[in-house]
Amino acid sequence: MRTLRAWLLRFMGLFGRSRIDQEISEEIETHLQMQIEDNLHSGLGADQARMSALIKLGNGESARQAYRERSTLPLLENLAQDLRFTLRQLYRRPGFTTTAVLVLALGIGASVSIFAFVDAALIRPLPYENPARLVGVYESTVLCPQCNLSYLDYLDWKKNSQVFRSFDVWGYSDYLLKTPAGTESSVGVRTSPGFFRTLGVRPVLGRDFYPGEGSSSPANTALLSYSTWQRRFGGREDVIGQTVTLDDTTYTIVGVLPKTFQFAPRGNAEFWIPLSDHGPCEQRRFCHSLYGIARLKDGVSVPSALADMASIARQLEMQYPDSNHGQGATVVSLSNVIVGDLRPVLLVLQAGAGLLLLIADLNIAGLLLVRSESRKQEIAVRGALGATSVRLLRQFISEAVVLVVLGSFLGMVLADGMMSLILKLIPNSVKTGMPYLQGLGLNGHCLALTAAASLLGMVLFSIASAPRLFSANLQTDLSEGGRGSANKLWRRLGSKLVVVELAMAFVLLVAAGLFGKSLHRLLNVDLNFRPDHLATLEVEAPQNTYASDEKAVSLGREMVDRISALPGVDAVGHTSNLPLSCNCDTTVIRIAGHPWKGERIDVPMRIVSPLYFKTLQAKLLNGRYFAEADDSSKPAVIIINRTLAKRFFPGEDPIGKKIGNLELSPQSLREIVGVVDDLREGALDSEVWPAVYLPFNQAPGTSFAIVVRSRQEERSLLPTLTQVIQHIHPGIGVKNVTTMNQRLNESQTAYLHRSSTWLVGGFAGFALVLGVVGLYGVIAYSVSQRTKEIGIRMALGAQRSSVYRLILREAAWLAGLGTGIGLLGSAGMTTLVRKLLFGVPLLDGPTYAAVAALLAVFALLASYIPARQAARINAIAALRAE
Amino acid sequence: VSSDKDLFQGTLALMILKTLEAMGELHGYGIARRIEQIAGDQLVVRYGTLYPALLKLKQEGYITSAWGVSENNRRARYYKLTRAGRKQVENESQRWEKVTAILARFLSPGEETI
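All figures in this text were calculated on a predicted structure; none of them were measured in a lab.

S.K.: Break down the overall build of chain B for me, citing the residues and quoting the values.
M.R.: For chain B, the count of helices and strands is five helices and three strands. Secondary structure elements in chain B, listed N-terminal to C-terminal, are α-β-α-α-β-β-α-α. Long-range pairs, those at least 24 residues apart, make up 49% of the contacts in chain B between residues at least 6 apart in sequence. By element, 52% of the accessible surface of chain B is carried by carbon and sulfur atoms, the whole surface being about 6900 Å².

S.K.: So what about the sheet that holds strand E2 (residues 63–69) of chain B? Which residues, and what values?
M.R.: Residues and elements named next belong to chain B. Taken in spatial order, the three strands of this open sheet run E1-E3-E2, and their pairing is antiparallel. Of all the strands in the sheet, just strand E1 (26–27) and E2 have a single pairing partner and so form its edges. Pairing analysis gives seven bridges linking E2 to strand E3 (residues 75–81), with the strands arranged antiparallel. Its bridge partner lying in E3, Ala 66 is registered against Tyr 78. Along the sheet, helix H3 (residues 47–60) contacts E2 and E3; its crossing angle with E2, the most-contacted strand, is approximately 120 degrees.

S.K.: Outline the state of the cysteines, listing residues and values.
M.R.: In protein chemistry, a disulfide is the covalent bond that joins the sulfur atoms of two cysteines. Residue and element names in this part refer to chain A. In total, this model carries one disulfide over all chains according to the counting rule given. Here Cys 582 engages in a disulfide with Cys 584; their sulfurs sit 1.7 Å apart. Overall, Cys 582 belongs to the partly exposed group, its relative accessible area being 24%.

S.K.: Before we move on, could you go through the packing of aromatic side chains and cite the residues and values that matter?
M.R.: Residue and element names in this part refer to chain A. This structure, assessed with the given rule, holds 25 aromatic pairs over all chains. Ring centres 5.2 Å apart and planes at 85 degrees place the aromatic pair Tyr 154 and Phe 167 in the edge-to-face group. With Tyr 154 in helix H7 (residues 151–160) and Phe 167 in strand E3 (residues 164–179), this residue pair connects regions lying 13 residues apart in the sequence. Considered together, Tyr 154 and Phe 167 belong to a single accessibility category, that of buried residues. When the centroid spacing of 5.4 Å and the interplanar angle of 65 degrees are considered together, the rings of Phe 196 and Trp 272 count as edge-to-face.

S.K.: Kindly report on the pairing of E3 of chain A, identifying the contributing residues and their values.
M.R.: All names here are of chain A. Pairing between E3 and strand E10 (residues 288–296): six bridges, direction antiparallel. By the bridge assignment, Trp 170 is partnered in E10 with Tyr 291. Two elements, E3 and strand E4 (residues 182–191), share 10 bridges in a ladder whose sense is antiparallel. For Leu 177, the partnering residue across the bridge sits in E4 and is Glu 184. Following E3, the chain reverses through two residues before pairing antiparallel with E4.

S.K.: An account of the pattern of salt bridges is requested, with residue identities and associated values reported.
M.R.: The final tally for this structure, using the stated rule, is 35 salt bridges over all chains. Here Arg 266 of chain A and Asp 174 of chain A are joined by a salt bridge, their closest N and O atoms 3.0 Å apart. Residue Arg 266 of chain A is found in the loop between strand E8 (249–256) and strand E9 (271–274), and its partner Asp 174 of chain A is found in strand E3; the two are separated by 92 residues along the sequence. Given a relative accessible area of 13%, Arg 266 of chain A falls into the buried group. On the basis of relative accessible area, Asp 174 of chain A is assigned to the partly exposed category, the value being 31%. The salt bridge partner of Glu 21 of chain B is Lys 18 of chain B, with a shortest N-O separation of 3.3 Å. With Glu 21 of chain B and Lys 18 of chain B both in helix H1 (residues 5–23), this residue pair falls three residues apart, about one helical turn. Given the relative accessible area of 37%, Glu 21 of chain B is considered partly exposed. Taking the relative accessible area as the measure of exposure, Lys 18 of chain B reaches 42% and is therefore partly exposed.

S.K.: Would you mind going over the interface of chain A and chain B in detail, with residue names and values included?
M.R.: Listed as interface residues are 29 residues of chain A and, on the opposing side, 30 residues of chain B. Summed over both sides, the interface between chain A and chain B buries roughly 2700 Å², with carbon and sulfur atoms accounting for 54% of that surface. Linking chain A with chain B are five salt bridges, by the criterion used here. Note that Arg 74 of chain B and Glu 37 of chain A form a salt bridge whose closest N and O atoms lie 2.4 Å from each other. Connecting chain A to chain B are 14 residue pairs in polar contact (both at pLDDT 80 or more). Elements with a minimum of two residues in the side of chain A that touches chain B: helix H1 (2–13), helix H2 (17–41), helix H3 (46–57) and helix H4 (60–71) of chain A.

S.K.: I'd like to hear about the sheet that holds strand E21 (residues 703–710) of chain A, residue by residue, with values.
M.R.: Residue and element names in this part refer to chain A. Read across the open sheet, the four strands follow the order E13-E21-E12-E22; overall the sheet is antiparallel. Looking along the sheet, the strands with just one partner apiece sit at the ends: strand E13 (569–575) and strand E22 (733–739). Strand-to-strand twist across the sheet, computed as the mean angle between neighbouring axes with direction ignored, equals 20 degrees. Strand direction decides the pairing type here: strand E12 (residues 534–540) and E21, joined by seven bridges, are antiparallel. When the sheet's bridge partners are listed, Glu 540 is paired in E21 with Ser 703. Along the sheet, helix H24 (residues 718–728) contacts E12, E21 and E22; its crossing angle with E22, the most-contacted strand, is approximately 160 degrees.

S.K.: Quick rundown of the environment of Thr 97 of chain A? Include the residues and the values.
M.R.: Residue and element names in this part refer to chain A. Within the fold, Thr 97 resides in helix H6 (residues 94–123). Judged by relative accessible area, Thr 97 falls into the buried class, the value being 12%. For the pair formed by Thr 97 and Leu 406, sequence separation is 309 residues and the distance between their alpha carbons is 9.9 Å. Setting aside anything within four residues of it in sequence, one finds Thr 97 in contact with Leu 90 and Leu 403.

S.K.: An account of empty space enclosed by the protein is requested, with residue identities and associated values reported.
M.R.: Which parts of space are left empty comes out when a probe the size of a water molecule is rolled across the atoms. All names here are of chain A. Overall, the coordinates contain four cavities of 30 Å³ or more when judged by the stated rule. The computed volume of the largest cavity comes to approximately 180 Å³. Surrounding the largest cavity, 16 residues form its lining, Phe 117, Leu 342, Leu 346, Tyr 751 and Leu 759 being those nearest its centre. If you list the elements that add at least two residues to the lining of the largest cavity, you get H6, helix H13 (342–374) and helix H26 (748–785). In terms of residue count, H26 provides more of the lining of the largest cavity than any other element does, five residues in total.

S.K.: Could you give an account of the nonpolar core, naming the residues involved and the relevant values?
M.R.: All names here are of chain A. Residues Tyr 128, Phe 196, Leu 199, Phe 261, Trp 272, Leu 342 and Tyr 436 are the most contacted members of the largest nonpolar core, which totals 125 residues. Those residues within four positions of Leu 342 in sequence are excluded, and the remaining contacts are Ala 121, Met 434, Tyr 436, Tyr 751 and Leu 752. Leu 537, Leu 555, Ile 563 and Ile 732 belong to the second-largest nonpolar core, a separate cluster that totals 41 residues.

S.K.: A description of unusual backbone geometry should follow, citing residues and the corresponding values.
M.R.: All names here are of chain A. Positioned with a positive phi, Leu 664 is a non-glycine residue whose angle comes to about 55 degrees. The residue Leu 664 is located in the loop between strand E18 (658–660) and strand E19 (670–676) in this model. Positioned with a positive phi, Asn 736 is a non-glycine residue whose angle comes to about 50 degrees.

S.K.: Go over the side chain of Asn 39 of chain A, please, and point to the residues and values.
M.R.: Residue and element names in this part refer to chain A. Within the element layout of this structure, Asn 39 appears in helix H2. Within the local environment of Asn 39, its side chain forms a polar contact with the backbone oxygen of Ala 49, the two atoms lying 3.0 Å apart. Those residues in contact with Asn 39, other than ones at most four positions away along the chain, are Leu 44, Ala 49, Ser 52 and Ala 53.

Conventions we followed
- Residues numbered from 1 in each chain as written.
- Chains lettered and ligands numbered in written order.
- Predicted model: local features only at pLDDT ≥ 70, side-chain atom pairs only at ≥ 80, totals over all residues.
- Heavy atoms only, no water.
- Helix = DSSP H or I, 4+ residues; strand = E, 2+ residues; numbered from the N terminus.
- Contact = heavy atoms within 4.5 Å.
- Areas by Shrake-Rupley, 256 points an atom, 1.4 Å probe, with all protein chains shown as cover.
- Pairing = 2+ DSSP bridges.
- Axes fitted to C-alpha atoms, helices over the stretch in contact; angles between N-to-C directions.
- Disulfide = S-S within 2.5 Å.
- Buried < 20%, exposed > 50% of the residue type's maximum accessible area, 1.4 Å probe, protein only.
- Phe/Tyr/Trp six-rings, centres within 6.5 Å; stacked < 30°, edge-to-face > 60°.
- Salt bridge = Lys/Arg side-chain N within 4 Å of Asp/Glu carboxyl O.
- Buried area = accessible area lost by both parts, 1.4 Å probe.
- Polar contact = N/O pair within 3.5 Å; in protein donor to acceptor, adjacent residues only side chain to side chain.
- 1 Å grid on protein atoms, 1.4 Å probe; cavity = no way out; pocket = protein on both sides within 12 Å on 5 of 7 lines; lining within 4 Å.
- Points joined across faces, edges and corners; volume = space filled by probe spheres on them.
- Core = buried A, V, L, I, M, F, W, Y, C linked by side-chain atoms within 4.5 Å.

This is the structure we're talking about:
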């Protein structure tokens, strides 16, 4: 306690220096005077009295020094002094300081901002209980490895499985929500009642679904997402027991999910409704609409769970050959389900950021090494004047610390900015699938990373400044002619560093080039329709109001008519799913008259209006489009796409042939009336599947995806479109009103490629700059060390051009070596990112050539300045200086 | 004149405290003179040892100081014991008595060997 008090006072003493000094001086002076007076009293002469007092009391200055040391903390005192000195030193070399701090800040900023994403997506555990034991369970077919399962299959799987502690399913559902302001479409999820217990999530308010809720009779209960509770119900506790009307059905709210709860596959879900097993889809084994989530039993691994599920799937195949033929099972960890696509991108980015930070550190270390070389005389002088090597080392360390602290601080600020920049790169439609990005920011993990990076920097920089100290030969250093071993070391080490830096820059540049090219390919992939001047929107009509087929058909017709009447509209069509959405909503077909060995052909099925293809300007290859007259009174017809025609009717005219379901039941048979070019139904980078199109008038429904071909700028149409639709019936919900081009640009694949391109490109540019700075440093240093040699050469008649050649050859050698190693490194890197590339060969010649050329140009720039300096050396002056 | 600096420094704090206990308020020179007198001029108190020791005691809260005027009309800093200081005199005195008693036994070895 007493000691603590003393330390505290001594710490405070750091701030009252001058007053303390003055007081002790006065006290000592008084003491001396009193002694002299006493000596005079005892009969000594004036001089004698003073002399003897001084001798007796000792050195006043060292007394003051001892007092001062006791009054403050000498260690801190020295530290403050070191700091002041360091700041002065750094201030006097603004070029060096700015370069070092900025380079470090960029390195740390890039690393930390990327790390924040890695942390959010891959490191921070999912907000579920023991998330490592959760798995996603899917059915798999050849074409679709992670497909949704049917309710009946789920029941069989669940009954027979030995590996799951619990096994639940969920499915998409969209609702029309009645609000005081009108009808809105809202996103929901149907879940089996144990869903939240499997995840280990408990409602913050109200209750979870009961086991078996909804299974015997529709439960009509709902759980709210936290944000929905806040937004739609003002966060009031009396929300429990209130009702909401979704699709004309009234649901009682029984609970609210926690704020931390998130479910990335349906990030924006508002309502959670217990799955009813009375739905039409739930009673058919071939109606696939659900995704499985299960918790593994203790000691069960994902592969062994997969083996168990696969064997059950085989049993079901035998038991139900009609519906289950060719259906296996897939089990993957839940984290894989949620961040699967993102993981490789993030890991590549993090690796890139880590490398950049390393480059930055190495560069600064190199600069410090050069500086310590040029400071050897100063250090020798300070050593000769009595500075101990510990004191000098402390000086270097404090220099490293100041640089790193400045760089880290600036780096954090940069990281914060970069993070929001990267977040802006992600379109909103994609962000709803990444709820884990909420609350992204500089958290403890990021700070820890910064601290670790800073520590690394401090150690590295201290060591880089120090070799001079240990090899210091005072005499030779004082006389300035000395060439320590350090400069040889640096010339060897430094050039190796530069080679590594250039190789890194090369690898990153190649990656950026490949991503960029891949993005370009992707956005220019053949869609087989014209995406420009196309407005799109999705419409949900209340099922009760438009229950009969006639009503649905006439609603479709009315919407088309009203939109067509708008000024500037060329054509209007509608489909069940817009192009570029997914190869989903498939049906199983069998071709009449073809030999059949029980194979199962899964094809996307779209229900389209007569003018749909015309509106998209999709090319008709054969036969005819649908007509308004293709209704229920006419023979059932179907249009197939080019891939289906090619694959299943090779060398045959498909027109007039018939397609039906697996049993080829008479009412399922449809006659092929046309072949249309391959519309890209799925994602940009997935291959085109065989697809079938049915006329809306023969298979009407209440959800529409409308496409509008416009003569004017299509965006200007959007607000009018919503009004027109809702004017027909206030209960109709409209969503995703946008343009086809925007869909194209914001599609997840395009976004992934675009952000990869930008991020890797940004890093690559930064790496290039670092490599160039490093190269410049090494060459400039080499020139400064070879001044004498060059002087002699010129004195002996060397031309300026040969001096240029001498220096540039050194740079070319380094750049060439870096390029060579970079080439090898790129081979490794491309195998890592292979899955992310689209339509670009791994060894893409033009990209490699362009990167090599770019690097060569920058290497030339970096070495030209020192080379010119060398060529301007005045031979006489150079020789005299030595 | 003693040159046993270590021993002296270890005991100086107690000497100062004891002096202040006996004399009440006193300035640095007075403390030094008093210690020297009691030690029979076997000790010399230099200000290089005295003032840091006074400062340490002050930081530990055993003494306080205030500026005042000496008998010769000089400005001088006067030191006096605090309550904690009085207690400390007692504790330290007891400790030293114990230590010296033990040492005394070592220094008169006759009794030990009997």
